[in-house]
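The chain contents come next:
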Amino acid sequence: MGEQTQVQAKPETQTPPQPQPQPNSDSTLVSNSPVDLPPNPSNPSKIPIRPQKIRKLSSLPSSKTPQTTASSATPVSTKSRRKSTPKSSSRVLPQIIKPLSADGEIDNALLHLRSADPLLGSLIDTLPVPQFESHNSPFLALSKSILYQQLAYKAGTSIYTRFVSLCGEEDAVCPDIVLSLSAQQLKQIGVSGRKASYLYDLANKYKNGILCDDALVKMDDKSLFTMLSMVKGIGPWSVHMFMIFSLHRPDVLPVSDLGVRKGVQLLYGLEELPRLSQMEQLCEKWRPYRSAGAWYMWRFVEGKGTPTTAAAAIDAGNVQPLQQIQTGQETQQHQLQLLEPINGIGNLGACIWSQ
């Protein structure tokens, strides 16, 4: 019996170390609590498992990485916002250009010129008030400027009169009518083959929609200069004359015009004719009414008895011989500057576009 008791005592001592069937996670949580652990020194082998579970739970810092990426993405959006805001604020509103023929614009121009340039102001007091009146359409005015090229005023007027009668009347002059005329018909009235090609090019640009009267009237000065310079036979000087005497633009300075340059020389007492860059600097104070300032330069030169650009004075209706001046770009287009005083205005541009 004593041996049997000893044999049965052995399994009683071996039963405590068999808590291994613990696959359930709940049992592990219970074993993690220090209260439930029995003070059994024979269980040290399970202690290293606990740090692994703690490490898995401590892997939360990896979730912070997307937060950093999200936070790093926010400055990009702010930068894009900063770039987009100046675009909306940099919009340039269209400027409303009042022609010099509008009510009160001549008075505003003279008031500005007197205050901005005392020398010009004293000259204004001795000369009549400028007049800017024209009833011609832009297409007719441009066609007329082409017909008058390289001709004295009387010869140009004679050819223009025949051209109008060939078209029917002035109001009938339009792109379709010009394109219907043959080169032979134009030659019979004195229009050269080169000028005929200029007229056809102008009419084709109208017919193709590149140019039209309404668009030219509403166009700003820079765009107008660019578009008209595309027409064969129309150079910078002709564009300036068209802008001043047909559209009555207030701020046009024909720097290549000899009459305006001579007037600036006389006004400021210069020893030589001012260069083109000097013209811009000296007449900068006239803005935004440089057209009126140029008008007074022509009149000033005429009063001094000095021939204006490609012009001579009219004395009792007798036209003296014209002088012809040719500039760089207009030489390429065979375009001469022609000016002649009519009704006190020393400028062929005024003669052509004011009729």
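Refer to the structure printed above.
Residues numbered from 1 in each chain as written. Predicted model: local features only at pLDDT ≥ 70, side-chain atom pairs only at ≥ 80, totals over all residues. Heavy atoms only, no water.

Digging into the overall build of the chain
Phase 1: What the chain contains, in helices and strands, is 19 helices and four strands.
Phase 2: Classification of the 355 residues of the chain by burial places 37% in the buried group.
Phase 3: Taking as baseline every contact in the chain between residues at least 6 positions apart, the subset at least 24 positions apart corresponds to 66%.
Phase 4: Carbon and sulfur atoms form 56% of the exposed surface of the chain, whose accessible area is close to 20,400 Å². (Helix = DSSP H or I, 4+ residues; strand = E, 2+ residues; numbered from the N terminus. Buried < 20%, exposed > 50% of the residue type's maximum accessible area, 1.4 Å probe, protein only. Contact = heavy atoms within 4.5 Å. Areas by Shrake-Rupley, 256 points an atom, 1.4 Å probe, with all protein chains shown as cover.)

Some remarks on the environment of P254
Phase 1: In this fold, P254 is placed in the loop between α14 (236-245) and α15 (258-268).
Phase 2: Linking P254 and W237, residues 17 residues apart in sequence, is a C-alpha distance of 6.6 Å.
Phase 3: When sequence neighbours within four positions are dropped, the list of residues in contact with P254 reads H240, M241, I244, V260, A294 and W298.

Digging into the nonpolar core
Phase 1: Residues L120, F163, L186, W286 and M297 are the most contacted members of the largest nonpolar core, which totals 69 residues.
Phase 2: Beyond its immediate chain neighbours, meaning those up to four positions away, L186 contacts F163, L166, L181, V191, A196, L199 and Y200. (Core = buried A, V, L, I, M, F, W, Y, C linked by side-chain atoms within 4.5 Å.)

As for helix α11 (residues 193-207)
Phase 1: Look at α11: 21 Å from first C-alpha to last across 15 residues, which is about the 21 Å you get at 1.5 Å a residue.
Phase 2: Those residues of α11 not exposed but buried are K195, A196, Y198, L199, Y200, D201, L202, A203, K205 and Y206.
Phase 3: In this structure, the buried residues of α11 make contact with α7 (138-147), α8 (153-167), α9 (175-180), α10 (183-188) and α12 (213-218). (Expected span 1.5 Å × (residues − 1).)

Quick look at the environment of S238
Phase 1: Considering the arrangement of structural elements, one finds S238 in helix α14.
Phase 2: Judged by relative accessible area, which is 3%, S238 ranks as buried.

Structural notes on the pattern of salt bridges
Side-chain pairs of opposite charge can arise whenever the charged atoms involved come near each other.
Phase 1: The final tally for this structure, using the stated rule, is eight salt bridges.
Phase 2: For the salt bridge of R114 with D125, the shortest nitrogen-to-oxygen distance reads 3.0 Å. On the criterion of sequence distance, the pair formed by R114 in helix α5 (residues 105-116) and D125 in the loop between α6 (118-124) and α7 is long-range, its members being eleven residues apart.
Phase 3: Judged by relative accessible area, D125 falls into the exposed class, the value being 54%.
Phase 4: Here R287 ties to E284 by a salt bridge, and the two come within 3.0 Å at their closest N and O atoms.
Phase 5: Linked by salt bridges that have partners in common, D251, E280, E284, R287 and R290 make up one network. (Salt bridge = Lys/Arg side-chain N within 4 Å of Asp/Glu carboxyl O.)

Concerning the state of the cysteines
Phase 1: The tally for this structure, following the rule as stated, stands at zero disulfides.
Phase 2: With no disulfide of its own, C167 lies closest to C174 among cysteine sulfurs, the gap being 7.8 Å. (Disulfide = S-S within 2.5 Å.)

Concerning unusual backbone geometry
Phase 1: Between R287 and P288 the backbone carries a cis peptide bond, its omega angle lying at 0°.
Phase 2: On the secondary structure map, P288 appears in the loop between α16 (276-282) and α17 (290-303).
Phase 3: Unusually for a residue other than glycine, Q150 sits at a positive phi of about 60°.
Phase 4: If you trace the backbone, Q150 turns up in the loop between α7 and α8.
Phase 5: In this structure, H248 is a non-glycine residue whose phi angle is positive, near 60°.
Phase 6: Structurally, H248 is set in the loop between α14 and α15.
Phase 7: We classify H248 as buried; its relative accessible area is 6%.

Quick notes on the environment of V255
Phase 1: Mapped onto the elements, V255 comes out in the loop between α14 and α15.
Phase 2: Linking V255 and H240, residues 15 residues apart in sequence, is a C-alpha distance of 9.3 Å.

Quick word on the packing of α14 against α17
Phase 1: Between α14 and α17, the shortest axis-to-axis distance is 11 Å and the interhelical angle comes to 105°. Between α14 and α17, the crossing angle belongs to the class labelled roughly perpendicular. Mapping the contact onto sequence places M241, I244 and F245 in α14 and S291, W295 and W298 in α17.
Phase 2: When the residues that make up the contact of α14 with α17 are grouped by side-chain class, the tally is five nonpolar, one polar and no charged. (Axes fitted to C-alpha atoms, helices over the stretch in contact; angles between N-to-C directions. Parallel < 35°, antiparallel > 145°, perpendicular 65-115°, else oblique. Nonpolar A, V, L, I, M, F, W, Y, C, P; charged D, E, K, R; others polar.)

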